[in-house]
Amino acid sequence: MVRVGILLSDVYNLNYKCIGPLIGSFLGRHVDGFKQDNEGQFDIILRDHIESSKHLDDILGTLYNAVREYLIGQKLELLPINIFLGNYNKQLIKWDHLYLMEGDVILDSDMFSYVEKHEIANVQDWMDILKPEQLKAIDNFNHDHNKYAVTALGGTFDHLHDGHKILLTVAAFLTNERLIIGLTVEELLVNKKYKDIVQDFDTRRQNVVDFLNTFKPSLKIEIIPLKDVCGPTGTVPEIQALVVSRETIKGGETVNKTRKERGMSTLDIYVVNVLGGKEEDGWKEKMSSTDIRRLINERRERGASL
């Protein structure tokens, strides 16, 4: 399996309109290898210190969308993408190729002595220097990194995809100590499309834990079986905040109503943007586990017909 990484610096001034060509300029060198092995992985490490979950959400959505669009064009729809911050667990990632922006350095270079390194030249071509008022607007975002001791979120997390990873990343970014995740039980998934391809509870649990352990190893992660709308948020008083996607805001409202009825404090609700799709059409074009299961099913059928 080929694993490729890029260390991105100065994300505040990166021209996101050019991110597609930037990614294609080096990732294209490995497309044949990805296709040959029919697997692989691509990681982006954001080296800047980010203080706002709102700004992080915007950056993640832009980057995941741009890279996924490129990979779809290369018929690599299922290639995993990960975006980490600088405090990721270096012991859990081994790259075959690592790209650095021109003039960038790796301070702990001994740890990366095994990897083949490449420099991305002409970095200025990918930059769009922000004006002082634009930087001030970003600085005015709520500084909420590690704001909460205990945060929660819930979901099915089947075939962990880009949208799931954004949700988990923002939740982990907000959380200083303990992240509680309600994971939908298999009994509630029997009516899913391509249900024979839905991953079992233990597989989904392990994928979530593996991602979070790499993204933020300092977090205590608790996975609780989710059997209703509220899950642990309806019973655990220590929870301070709930992270939801834009399409599940009503679930957050239900949680706070239930907590209030039970004499518990209401939660701060953080809404993460949906990756793709529009609210008015029911988010039909969003990144979904159903799409991934459909692609897997199509590959199976093609293989069986050969």
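Basis of the calculations
Residues numbered from 1 in each chain as written. Predicted model: local features only at pLDDT ≥ 70, side-chain atom pairs only at ≥ 80, totals over all residues. Heavy atoms only, no water. Helix = DSSP H or I, 4+ residues; strand = E, 2+ residues; numbered from the N terminus. Expected span 1.5 Å × (residues − 1). Buried < 20%, exposed > 50% of the residue type's maximum accessible area, 1.4 Å probe, protein only. Phe/Tyr/Trp six-rings, centres within 6.5 Å; stacked < 30°, edge-to-face > 60°. Lys NZ or Arg CZ within 6 Å of the ring centre and 35° of its normal. Salt bridge = Lys/Arg side-chain N within 4 Å of Asp/Glu carboxyl O. Pairing = 2+ DSSP bridges. Axes fitted to C-alpha atoms, helices over the stretch in contact; angles between N-to-C directions.

The protein is annotated in an unreviewed UniProt entry as Pantetheine-phosphate adenylyltransferase of Maudiozyma humilis.

Draft legend 1. Quick look at helix α3 (residues 53-73). In this model α3 runs 30 Å from its N-terminal to its C-terminal C-alpha over 21 residues, within 8% of the 30 Å that 1.5 Å per residue would give. At the exit of α3 stands Lys 75, carrying a positive phi of roughly 60°.

Draft legend 2. Up close: the environment of Asn 13. Of note, Asn 13 is situated in the loop between β1 (3-8) and α1 (19-27). Using a relative accessible area of 12% as the deciding quantity, one classes Asn 13 as buried. For the pair Asn 13 and Gln 124, spaced 111 residues apart in the sequence, the C-alpha separation amounts to 9.9 Å.

Draft legend 3. Quick look at the packing of aromatic side chains. In this structure the tally under the stated criterion is seven aromatic pairs. Geometrically, the ring pair formed by Phe 26 and Phe 42 is tilted, given 6.1 Å between the ring centres and 45° between the ring planes. In this pair, Phe 26 is assigned in helix α1 and Phe 42 in strand β2 (residues 41-46), connecting sequence segments 16 residues apart. Judged on exposure class, the residue Phe 26 and its partner Phe 42 are both buried. Ring centres of Phe 84 and Phe 211 lie 5.8 Å apart, and the angle between their planes is 35°; on these two criteria the pair is classed as tilted. On the criterion of sequence distance, the pair formed by Phe 84 in strand β3 (residues 81-85) and Phe 211 in helix α6 (residues 201-215) is long-range, its members being 127 residues apart. Phe 211 carries the same exposure label as Phe 84, and that label is buried. Counting every residue linked through ring pairs, the aromatic cluster contains Phe 84, Tyr 88, Trp 95, Phe 211 and Phe 215. Directly above the ring of Tyr 114 sits Lys 94, whose terminal nitrogen or CZ lies 4.6 Å from the centroid.

Draft legend 4. Here's a closer look at the pattern of salt bridges. Inspection of the entire model under this criterion finds nine salt bridges. Asp 162 is the partner of Arg 68 in a salt bridge, and the nearest nitrogen-oxygen pair spans 2.8 Å. Residue Arg 68 is located in helix α3, and its partner Asp 162 is located in helix α5 (residues 162-174); the two are separated by 94 residues in the primary sequence. The exposure classification of Arg 68 matches that of Asp 162, with both residues buried. With a closest N to O distance of 2.6 Å, Glu 222 and Arg 178 form a salt bridge.

Draft legend 5. Structural view of the sheet that holds strand β5 (residues 116-120). Taken in spatial order, the five strands of this open sheet run β3-β2-β1-β4-β5, and their pairing is parallel. Looking along the sheet, the strands with just one partner apiece sit at the ends: β3 and β5. When the angles between neighbouring strand axes are averaged without regard to direction, this sheet yields 20°. Here five bridges tie strand β4 (residues 97-101) to β5, and the two strands are oriented parallel to one another. Each bridged residue has a counterpart across the sheet, and for Leu 100 the counterpart in β5 is Glu 119.

Draft legend 6. Structural detail: unusual backbone geometry. One non-glycine residue, Asp 10, lies in positive phi territory at about 55°. Note that Asp 10 resides in the loop between β1 and α1. Relative accessible area serves as the criterion here: at 28%, Asp 10 is assigned to the partly exposed category. The residue Phe 157 is not glycine, and still its phi comes out positive at about 55°. Mapping Phe 157 onto the fold places it in the loop between β6 (148-155) and α5.

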